[in-house]
Every structure is written in C-alpha cells, then in structure tokens.
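# Working through the structure, step by step
Here is how the chains run, residue by residue.
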Amino acid sequence: MDEYSRFVDWDKMDATIQTQDSKELICTDFQEFKQLARQGCWAKNHSLRAKVYLKLIGNIPCRTVTPDANVYRDIVVKIIGKRNTGTLPLPEFVDNSLVPNYCLNAEGIGAVRKIICCIANQFPDISFCPALPSVVALLLHYSRDEAECFEMVCRILACNDPSKRLIDQTFLAFESSCMTFGDLVNKYCQAAHKLMVAVSEDVLEVYSDWQRWLFGELPLVYVARVFDVFLVEGYKVLYRIALALLKVFHKVRAGQPMESDNVQQDIRAFVRDIAKSVSPEKLLEKAFAIRLFSRKEIQLLHMANEKALQQKGITVKQKR
C-alpha cells in the first residue's frame, strides 16, 4: 500500500485502481494538462492522482493568511477533545448535507467530521457551503494525513483569484448559481426542462439540487473524475456535468412514469445509480459536447441573478 492509502477501504474500491506508487506527472502546458484531466490520465492510479491534486491545489492563489497543516495540528485537540468523531455535530453552514463515505475506512469517516469542524473554526465568514463534506471526504481519500487534507481544502476555500470561482460559501452565491443552472437548463436542455416543469411544483427547487447531484449523490469514481477536471478548468465544468446528468436522466426516463411523485428524489436516486446508465467517460464526453456559454457570459448571468436576489432581499436561507 502506498502512503496515500491510510483512509481508504480497499475492499470497497474499484479493483482496477492501482495502489503502487509508480508514476510522476511531468506536464507544464495548460492545454495538455486539460486534455490529460479530461481523458482520466491519473484515474486508475491512486497515488498519482494524490500527487496531481497536491500540485494543482498548491498552485491555487490564496489569501496571505491561509490555514495550513500546522494550524490543524495546533487546533484539532482543542476543538475536538475526546469527543466521539462519529457523532460530531457538523456546522450549520453545511445545511444538513450528506457526508459521503466514498469508500473511506472507519478512521477516514470520523476524520471527515473533525476536519470540517476545524475548518468552521478557521473560516468564520463561511455562512453556507453544502458541498464541503463531499469535498473533504474526497480529498481525504488522496491525503497522507488529516492535516494535509485540511490544508488542501483551506486553499480551495481561500482562493482569492476573482476569475477563479471554486466553491460557493454564502447562500447568495449558492442560490444564484442554482438560478444560473436553471437558466442554462432552459437554454441547453429544453426537452428536460419541459419535463421538469410538467412534473414538479417548483422547478427551481429541483434545480437547487444540482450541486448535491455532484457533491453528495455521484459515486466516488464519477465525482473524482469530475474533480480532476474541475481543479484544472474551474466552476464551469460543474455546470457541464450537471447538465449532462439531466440530459441522461431525461433520455433514460423519457416516456416512463416517474418512480415516485417527487422528481427531486427520482433524480437523486438516478444519480446515485448512474453506473447503470452511463460510464464516467461517457458522462464527461456528453458534458463537453454541450456548446455552452463562455465563462465570461456565465459569470455575467451569475452576477445578474445575484443582483436580482439582493434586490428581493434574499441573502440568507429562509427557514421553512
């Protein structure tokens, strides 16, 4: 086993994933790197993917004072103490999100909660971040220890490049991204959009799940492939994958009665079992075949949605 296997339950992993520590990736050209990520160049080699993640996240431009591995080692005992990690309450800002197991072992599953609690301590400005448990669980998979995982997640959260949007950390950003996704569905997946309008009472509520499909419902082999490309190409990739999921859902389910009277639950279940319908390669292929708006246009759309929400006074999640 390699040094990046500490938190992995290999019995649950895809048998084709190699564990040997055999390769280094030498690539400096962005276009080439983009192609390698899309092709899944490091998808079958666990330690190679770990090294690629470390390199890509290490290159993210961050705020000057970004908590690192040493900060984690200093604070973890004070914050967690002797509490049972399996039942640690998560901060409110994760909005009752699922904590995916992603083939982690028992130590890993407990460590995810510890890391999230320490992040909450260091990032008091995060007010809404339902994707966080999934991101922590995924990166822990490719970390040598908890402190390394903590540092990688902190770098993603502390990114200060205005052109590089990574993870929504406020309700306003999250909600406007849901509206933007709805706009994109309306433009690029009209048949699926018509179905959603026909079978749901509130179509925006269905589209508000789009990040949960990716960071929560998608199985590990899929979400890791999405993350490979996301770290290289940025936020737009997430929209692409979610649109592709909706297209596949529509294609598979067109003409069939819904399995429940709740399309939201149907799509979640469909994404969980996505392997029955499409491989990770095919999903990415479909995602990149969509002729999407430019990054700039998507940014403008997102800003317009954010402004509309602010004008309505919707900046925090309404209690139902």
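Residues numbered from 1 in each chain as written. Predicted model: local features only at pLDDT ≥ 70, side-chain atom pairs only at ≥ 80, totals over all residues. Heavy atoms only, no water.

### Description of the nonpolar core
Let me state the cut-off plainly: The term nonpolar core refers to a set of buried residues drawn from Ala, Val, Leu, Ile, Met, Phe, Trp, Tyr and Cys, joined through side-chain atoms within 4.5 Å. Using a 1.4 Å probe on the protein chains alone, a residue whose accessible area is under 20% of its type maximum counts as buried, one over 50% counts as exposed, and one in between counts as partly exposed. Secondary structure elements follow DSSP: runs of H or I no shorter than four residues count as helices, runs of E no shorter than two count as strands, and numbering proceeds from the N terminus. Residue contacts are defined here by distance: any two heavy atoms, one from each residue, within 4.5 Å place the two residues in contact.
Residues Y53, I119, L139, I156, F181, W210 and F227 are the most contacted members of the largest nonpolar core, which totals 112 residues. With 11 residues, the top contributor of residues to this core is helix α12 (residues 236–253). Setting aside residues up to four positions removed in sequence, W210 forms contacts with S177, C178, F181, Y235, L238, Y239 and A242.

### Some remarks on empty space enclosed by the protein
Using the following cut-off: Using a 1 Å grid laid over the protein atoms alone, points where a 1.4 Å probe fits but cannot get out form a cavity; open sets with protein on both sides within 12 Å along at least 5 of 7 lines form a pocket; any residue with an atom within 4 Å of a point counts as lining. Grid points are joined across faces, edges and corners, and a volume is the space filled by probe spheres set on the points. Each residue is assigned to one of three groups, with Ala, Val, Leu, Ile, Met, Phe, Trp, Tyr, Cys and Pro labelled nonpolar, Asp, Glu, Lys and Arg labelled charged, and all others, Gly among them, labelled polar.
Tallied over the entire structure, the rule returns 1 cavity of 30 Å³ or more. Looking at the largest cavity, its volume works out to about 30 Å³. For the lining of the largest cavity, the secondary-structure elements that each account for two or more residues are α11 (220–233) and α14 (280–289). Classifying every residue of the lining of the largest cavity gives 6 nonpolar, no polar and 1 charged.

### Digging into unusual backbone geometry
A positive phi angle, near 55°, is found at N96, a position not held by glycine. Note that N96 resides in the loop between α3 (69–80) and α4 (106–122). Positive phi is not limited to glycine here, since C103 has a value of about 60°. For C103, the position within the fold is in the loop between α3 and α4.

### With respect to helix α8 (residues 190–199)
For the record, the criterion: To be clear, the arc concerns the directions from the helix axis to the C-beta atoms.
Of the positions making up α8, those classed as buried are A192, H193 and M196. Taken around the axis of α8, the buried residues stretch over an arc of 100°, which confines them to a single face. Looking at α8, the residues exposed on the side facing more than 90 degrees away from the buried face are Q190, K194 and A198. In the core, the buried residues of α8 are packed alongside α7 (171–188), α9 (203–207), α12 and α13 (263–272).

### So, the packing of aromatic side chains
Worth spelling out the cut-off: For Phe, Tyr and Trp, where Trp contributes only its six-membered ring, two rings pair if their centres lie within 6.5 Å, and the inter-plane angle classes them as stacked under 30 degrees, edge-to-face over 60, or tilted in between. A ring is scored as having a charge over it whenever the NZ atom of a lysine or the CZ atom of an arginine sits within 6 Å of its centre and within 35 degrees of its normal.
Inspection of the entire model under this criterion finds 15 aromatic pairs. Each ring, one from F33 and one from W42, has its centre 5.5 Å from the other, and the planes form 40°; the classification is tilted. Both residues of the pair, F33 and W42, belong to the buried class. For the pair W210 and Y239, a centre-to-centre distance of 4.7 Å together with 20° between the ring planes defines the contact as stacked. Taken together, the residues W210 in helix α10 (residues 210–217) and Y239 in helix α12 connect sequence positions 29 residues apart. Pair check on accessibility: W210 and Y239 agree, each one buried. Taken together, the aromatic side chains of F181, Y207, W210, W213, Y235 and Y239 make up a single cluster linked through ring pairs. The side chain of K187 reaches across the aromatic face of Y188, ending 5.8 Å from its centre.

### Topic: the pattern of salt bridges
Just so we agree on the cut-off: By definition here, a salt bridge exists when the distance from a side-chain nitrogen of Lys or Arg to a carboxyl oxygen of Asp or Glu is within 4 Å.
Applying the stated criterion across every chain, the model contains 15 salt bridges. The closest approach of N and O atoms between R49 and D228, which form a salt bridge, is 2.8 Å. Of this pair, R49 sits in helix α2 (residues 46–58) while D228 is found in helix α11, placing the two residues 179 residues apart along the sequence. For D228, a relative accessible area of 0% puts it in the buried group. Residue R165 is joined to D168 by a salt bridge in which the shortest nitrogen-to-oxygen separation is 2.7 Å. A single salt-bridge network, built from bridges that share partners, covers E3, R144 and E148.

### A closer look at the packing of α12 against α14
Note the following rule: The convention used is that axes are lines fitted to C-alpha atoms, helices contributing only their stretch in contact, and that angles between N-to-C directions extend from 0 to 180 degrees. Orientation labels follow simple angle bins: below 35 degrees gives roughly parallel, above 145 gives roughly antiparallel, 65 to 115 gives roughly perpendicular, and whatever is left gives oblique.
Contact geometry of α12 with α14 gives a least axis separation of 8 Å together with a crossing angle of 110°. The orientation of α12 relative to α14 falls into the category roughly perpendicular. Counted together, V237, R240, I241, A244, L245, V248 and K251 of α12 and L283, L284, K286, A287 and F288 of α14 form the full contact between these two elements. Classifying every residue of the contact of α12 with α14 gives 9 nonpolar, no polar and 3 charged.

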